Amino acid sequence: MTTPAVVLDGFGYRPANARRWAVRDIDLSIAHGETLLLLGASGSGKSTILRAIAGLLDAGGEVAGSVEVHRAPPGAAPRPTGLLMQDPDAGLVLSRAGEEVAFGPQNAGLPQDQIDRRVDEALAAVGFPYGREHPVAALSGGERQRLALAGALAMRPDVLLLDEPTSMLDPRGAHLIRDAVERAVSRTGCTVVIVEHNTDIWRDLVDRVVVLGADGVVADGTLSEVSASPAARDTWLVDAVRPSTASHHIGERLLVANHVAYRYKGQQQLALRDVDVDLRAASALAIVGDNGSGKSTLTRVLGGLAQPTCGSVSATPALINGGRLGAEPHRWRATALAGRIGSVFQNPEHSFLTDTVRDELAVGPRALGHSDSKVHAVVDELLTRLRLDEMADQNPFTLSGGEQRRLSVGAAIATAPRVLVLDEPTFGQDPSTWHELAEMVLGLRGQGAAIAVATHDRRFVDAVADQHLHLTSERE
Amino acid sequence: MPAKGVVVSTRVSESTVEPTTGQWTTVEIVVTASLAVAFGVVFWAWNLLWTATGGAFAGLPPVQGLMYGVWLAPGVLAGLVVQRKGAAFFAAFLAAALSAVFGSQWGLVALVYGAVQGVAPEFVFALRGYRRPGVVVALLAALATGVGSLGLDLVLYYPTWSSEWKWLYTATLLTSAVVVAGLGSWLLARALRATGVLDALPASLPASLPGSVSASRNE
Amino acid sequence: MSTPIALPRELGQSAYARANPLARLAPAAALGLLNVFTLDPVTPLLTLLVVACAVPFMGLSWQSVARVSWPLAAAAVTLVFVNTLADPAPGIGWEDARAGGVTAVRLLAIALPGVLALATIDPVDLTDALVQQLRVPARFGYGALAASRLFPLLTEDWRSQGMAARARGVSARGVVGRVRNLFRRVLLLLVAALRRATRLAVALDARGFAQADRSRSRPSAWTASDAAWCIGGLLAALAVVAVSVLSGYWRLIWTP
């Protein structure tokens with residue numbers, strides 16, 4: 001038997017300033033050349049494990065047990081590890097593709113001819129379609145992520161670590177990355193560890209699947225073995241999707257968009273062109289399309305947060321409901337808007353306005369001028385419903401990703417708007433939060449709300465939507 | 001402080017990840033630089049406001065000094081957050097350089113201002129040895145930054161003003177420096193600490209803390 | 001507005017475009033700083049004349065000059081306006097307008113050379129030059145470069161944070177409300193910036209950024225022609241001084 005590439009022995013890590021261990025009691029041995037998929041609920045410490053293998057844990061934290069890469073501590077391993085993170089914009093530094101890929105080898109102090117060879121090799125390995133001089137700014141999200149992968153491969157890593165590499169990409173971009181990884185693995189034979197919530201895309205590529213629970217590894221085997229194990233199903237509910245209720249009554253019209261187009265200030269191209277939307281009570285509209293097709297822009301226009309460049313968005317009298325308001329939501333006062341159209345943003349942290357979870361939920365109802373007792377009642381009900389009562393006095397920024405997502409949805413529905421617009425709500429969420437979100441949207445729809453949700457997530461669309469709008473980008 | 005019930009293996013290869021003391025870590029460099037970049041964005045918004053309000057202050061231009069504090073914040077805030085020799089200078093200078101690169105009406109003179117607005121608070125933080133700067137240090141650092149900028153302004157841009165106007169400008173600018181750049185930066189640093197975003201910074205690690213939230217430690 | 005105004009591609013292969021970024025900045029710095037220390041109307045006008053003559057040699061089109069310098073022009077106009085109205089003496093006097101005009105021209109002459117020169121420079125080239133010629137520590141130089149890539153992303157964050165507040169029914173009322181809102185906006189932006197920064201730091205370290213042992217695949221050369229640009233800039237500045245002194249208008253800021 002050959003020596004394993006990576007060995008974690010009773011590994012645990014507690015970040016500085018944290019009371020709880022981010023991960024603990026991990027025993028895991030990864031064979032050389034193996035492609036491993038690491039699954040688990042968010043907060044189970046998957047990213048921490050990747051960073052430990054890469055030798056990049058934050059300073060000041062406490063480590064238990066050991067991590068070895070080729071029998072050496074991670075930082076001192078004879079060959080480097082490569083790490084690709086979820087956000088393609090997180091790590092790109094330079095202006096041109098070739099320079100970007102050369103960044104790692106340059107840091108290693110390699111001579112010029114070797115750097116050139118490695119750049120060509122890495123760009124070929126990921127199937128990069130342009131030359132070295134191609135400007136990074138002109139690449140799409142999927143292409144940028146491929147370039148970042150080439151940057152990691154140029155280090156000639158022995159172990160390649162992928163931390164949710166496709167979660168920010170549209171399906172097409174995701175497949176580009178998958179193919180690039182496959183090509184790179186077949187060329188270099190390196191060991192690969194992938195962390196990803198979307199398992200479908202990696203199905204054919206992985207040799208082994210490991211599922212992390214609250215107390216370390218709960219399942220370990222091939223994909224079919226793991227799928228069958230009951231322990232894994234608790235943390236990994238990938239197939240437990242309830243399809244949307246077959247038939248229900250779609251209600252009155254609430255918000256109508258006619259030939260809407262939008263152009264950002266200072267831009268030449270339209271971000272959105274000629275879109276019609278008809279949002280009705282007790283229905284859910286899925287807005288789908290590639291990155292750059294204008295999904296987020298449309299959510300802002302529908303949310304009354306941006307004025308369409310052409311066309312119109314108008315609220316029906318049913319939505320205005322007695323208020324002395326014009327038809328166009330973007331002209332409404334903020335308080336009038338919050339009571340009628342709720343918006344949930346892609347990044348929950350962009351919307352946190354107070355220092356505790358409780359206050360955060362109270363912002364909307366207070367702005368609407370509700371009495372203290374009514375505000376308390378609404379907030380308490382939401383805290384229970386969203387399972388946030390235990391962290392009611394915590395700072396919203398210190399919550400986990402799933403908790404932040406629930407809070408941001410709660411804050412948007414606290415004013416009981418009849419229209420709710422969501423931008424990529426399932427993005428980066430683990431299966432259990434995913435499931436809760438689907439239930440929540442279905443519940444709101446059942447209560448008569450009109451939902452518009454922009455998403456890449458096919459399964460979410462299938463679970464909640466009864467209408468679809470496909471946006472196509474300029475480029476096509 | 002080992003957590004209860006955790007079996008720490010006997011083969012412990014490292015008990016803590018060593019906080020480096022000498023060299024700047026990458027995260028410190030990038031965090032300091034992105035404070036500057038974030039203020040570049042704030043400046044861009046503020047710049048529009050500054051030019052737009054110029055007319056409103058036409059009757060008495062020195063009063064526009066009240067809006068000045070925002071320009072002085074990056075150095076003070078970086079010194080409070082990163083607690084390293086040179087952090088204030090790095091952030092203030094970079095913020096100024098970015099505002100020159102991303103198009104401001106000040107051109108390369110912004111670099112001179114950046115240097116002064118970096119050196120002045122640096123001097124104050126150095127007096128405390130860069131250790132745990134509190135609210136007094138923040139106010140003094142902001143005051144020093146204000147004095148430096150005031151000197152440049154009076155010499156370079158407003159040499160022809162009457163002495164009454166110069167005194168008025170001195171009063172408004174320094175008030176703004178202390179309140180906005182001093183108190184404001186201190187409040188921002190405190191609020192940032194409470195969000196946990198600073199936990200990755202070795203320099204911000206207090207000796208021992210009960211829990212993950214290190215707010216209000218900034219005495 | 002959220003993108004850098006660098007126009008390096010448009011420059012093509014002019015001698016100026018091939019020069020070291022520092023050599024391109026030096027003449028601009030000399031001309032700009034000269035005007036910082038003078039108060040007369042002739043020096044800035046001569047400076048602007050020199051800049052205008054230099055534009056074709058820099059390879060810039062007049063169109064991009066206009067695009068890059070409009071905020072500056074706007075500021076100059078405001079200055080004339082402010083100075084003309086600001087005089088406590090009643091009426092709008094010729095003296096005031098003249099003083100305002102001088103101040104505006106001076107502001108233009110201080111800033112325009114630098115703004116134009118910077119517009120021609122690619123940030124990566126500038127960083128290479130700073131690290132290799134000026135010995136700025138590589139990790140700080142490239143760290144700053146990497147962080148400055150966040151600028152457009154943070155501008156976008158700033159916008160969506162503003163929308164998020166409106167969606168929740170929050171609008172600024174009164175001075176206290178506005179100040180509190182602004183504080184919160186800045187805090188949200190800083191949190192977003194620091195989240196991005198910590199991820200960026202991990203990504204950089206994953207590519208070996210922690211070791212300072214960098215090789216240079218983009219050598220930033222310093223040649224005789226670079227020195228010539230510096231000397232040329234200095235001579236231009238001296239010529240401006242000479243003409244200004246001969247004209248009899250020359251006045252330094254500390255002369256009463």
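For clarity, every value in this text was computed on a predicted model and none was experimentally measured. (Residues numbered from 1 in each chain as written. Chains lettered and ligands numbered in written order. Predicted model: local features only at pLDDT ≥ 70, side-chain atom pairs only at ≥ 80, totals over all residues.)

Caption draft 1: Looking closely at the overall build of chain A. Tallying secondary structure elements over chain A gives 15 helices and 17 strands in all. Radius of gyration (C-alpha) of chain A: 24 Å, near the 23 Å computed for a compact globule of 476 residues. Taken along the three principal axes of its C-alpha coordinates, chain A extends 75 × 50 × 40 Å. Counting over 476 residues, chain A shows a buried share of 54%. In chain A, once contacts between residues fewer than 6 apart in sequence are set aside, the share between residues at least 24 apart is 73%. (Helix = DSSP H or I, 4+ residues; strand = E, 2+ residues; numbered from the N terminus. Rg over C-alpha atoms; globule rule 2.2 N^0.38 Å. Buried ≥ 20, exposed ≤ 12 C-beta atoms within 10 Å, placed from the backbone. Contact = placed C-beta atoms within 7 Å.)

Caption draft 2: Quick peek at the overall build of chain B. In terms of regular secondary structure, chain B is built from 6 helices and 0 strands. Along chain B, from the amino end to the carboxyl end, the secondary structure elements read α-α-α-α-α-α. Scored against the burial criterion, the 219 residues of chain B give a buried share of 54%.

Caption draft 3: Looking closely at the confidence of the model for chain B. For chain B, the average pLDDT comes to 79, and 76% of its residues sit at 70 or higher. Both scores are given for the predicted complex: the pTM is 0.90, the ipTM 0.90. (pLDDT = per-residue confidence, 0-100.)

Caption draft 4: Spotlight on the sheet that holds strand 6 (residues 159-163) of chain A. Residue and element names in this part refer to chain A. Across the sheet, which stays open at both edges, the 6 strands sit in the order 5-6-7-3-8-9 with mixed pairing between neighbours. Edge strands, defined here as strands with exactly one partner in the open sheet, are strand 5 (81-84) and strand 9 (216-221). When strand polarity is set aside, the average angle formed by the axes of neighbouring strands in this sheet is 20°. The sheet contact formed by strand 8 (residues 208-213) and strand 9 spans 5 bridges and is antiparallel. Of the residues in strand 9, the one forming a bridge with valine 210 is aspartate 220. (Pairing = 2+ DSSP bridges. Axes fitted to C-alpha atoms, helices over the stretch in contact; angles between N-to-C directions.)

Caption draft 5: Up close: the interface of chain C and chain B. Tallying the contact residues gives 55 residues for chain C and 40 residues for chain B. Ranked by residue count, the leading element in the side of chain C that touches chain B is helix 10 (residues 174-206) of chain C, at 15 residues. Looking at the side of chain C that touches chain B residue by residue, the classes come out as 44 nonpolar, 7 polar and 4 charged. (Nonpolar A, V, L, I, M, F, W, Y, C, P; charged D, E, K, R; others polar.)

Caption draft 6: The nonpolar core, seen in detail. By size, the foremost hydrophobic cluster in this structure holds 301 residues, and its most contacted members are A:Ile53, A:Ala150, B:Val30, B:Leu35, C:Leu189, C:Leu190 and C:Ala193. The element contributing the most residues to this core is helix 10 of chain C, with 16 residues. When residues no more than four places from it in sequence are discounted, the contact partners of C:Leu190 are B:Leu35, B:Ala38, B:Leu188 and B:Leu192. (Core = buried A, V, L, I, M, F, W, Y, C linked by C-beta atoms within 7 Å.)

Caption draft 7: Main features of the sheet that holds strand 1 (residues 6-14) of chain A. All names here are of chain A. Here 3 strands make up an open sheet; going across it, the order is 2-1-4 and the pairing antiparallel. At either margin of the open sheet sits one strand with a lone partner, and together these are strand 2 (23-30) and strand 4 (62-69). This sheet shows a mean twist of 15° between the axes of neighbouring strands, independent of strand direction. Those strands touched by helix 1 (residues 46-54) are strand 1, strand 2 and strand 4, and its axis lies near 120° from that of strand 1.

Caption draft 8: A look at helix 6 (residues 163-195) of chain B. All names here are of chain B. Over its 33 residues, helix 6 runs 46 Å from end to end, which matches the ideal 48 Å to within 8%, given 1.5 Å per residue. The largest bend in helix 6 is about 25°, located at glycine 184. With its phi angle positive at about 85°, glycine 196 sits one or two positions after the end of helix 6. (Expected span 1.5 Å × (residues − 1). Bend = angle between axes of the 7 residues up to and from the residue.)

Caption draft 9: Fine view of the pairing of strand 12 (residues 283-288) of chain A. Residue and element names in this part refer to chain A. For strand 12, a buried count of 6 out of 6 residues is recorded, marking the element as mostly surrounded by other parts of the structure. By the alternation rule, side chains of strand 12 split into Ser283, Leu285 and Ile287 and Ala284, Ala286 and Val288, which are all buried. In this structure, strand 12 lies alongside strand 17 (residues 467-470), joined through 4 bridges in parallel fashion. Residue alanine 286 lies in a different strand from strand 17, and its bridge partner there is histidine 468.

Caption draft 10: Representation of unusual backbone geometry in the model. Residues and elements named next belong to chain A. The phi dihedral of glutamate 164 falls on the positive side, at around 45°, and the residue is not glycine. With respect to the helices, strands and loops of the structure, glutamate 164 is situated in the loop between strand 6 and helix 5 (171-188). The class for glutamate 164 is partly exposed, based on 19 C-beta atoms found within 10 Å. Look at histidine 259: it is not a glycine, yet its phi comes out positive at around 45°.

Caption draft 11: Structural detail: helix 7 (residues 123-132) of chain C. Counted residue by residue, helix 7 of chain C has 7 buried out of 10 residues, so it is predominantly covered. Where helix 7 of chain C is concerned, the buried positions are C:Pro123, C:Leu126, C:Thr127, C:Asp128, C:Ala129, C:Leu130 and C:Val131. Those residues of helix 7 of chain C that are buried are in contact with helix 3 (87-101) of chain B together with helix 3 (21-36) and helix 8 (138-148) of chain C.

Caption draft 12: How the structure looks around the packing of helix 2 (residues 97-107) of chain A against helix 4 (residues 141-153) of chain A. Residue and element names in this part refer to chain A. Relative orientation of the contacting elements helix 2 and helix 4 amounts to 35°, with a least axis distance of 7 Å. Handedness of the crossing formed by helix 2 with helix 4: right-handed. Mapping the contact onto sequence places Ala97, Glu100, Val101, Phe103 and Gly104 in helix 2 and Leu147, Ala150 and Gly151 in helix 4. Among the residues forming the contact of helix 2 with helix 4, the class breakdown is 5 nonpolar, 2 polar and 1 charged. (Left-handed = near helix turned anticlockwise from the far one by under 90°.)

Caption draft 13: Structural detail: the packing of helix 3 of chain C against helix 6 (residues 94-119) of chain C. Residue and element names in this part refer to chain C. Running from amino to carboxyl end, helix 3 crosses helix 6 at an angle of 170°, the nearest separation of the two axes being 8 Å. By the angle between their directions, the pair helix 3 and helix 6 is classed as roughly antiparallel. The residues of helix 6 that touch helix 3, namely those facing Arg24, Leu25, Ala28, Ala29, Leu31, Gly32, Asn35 and Val36, are Arg106, Ala109, Ile110, Ala111, Pro113, Gly114, Leu116 and Ala117. (Parallel < 35°, antiparallel > 145°, perpendicular 65-115°, else oblique.)

Caption draft 14: Broad picture of the environment of B:Pro159. Tracing the sequence through the fold places B:Pro159 in the loop between helix 5 (135-156) and helix 6. Overall, B:Pro159 belongs to the partly exposed group, with 16 C-beta atoms counted inside 10 Å. As for B:Pro159 and B:Gly69, which are separated by 90 residues in sequence, their C-alpha atoms are 21 Å apart. If near-sequence neighbours (up to four positions away) are discounted, B:Pro159 is found in contact with B:Leu154, C:Leu39 and C:Ile253.

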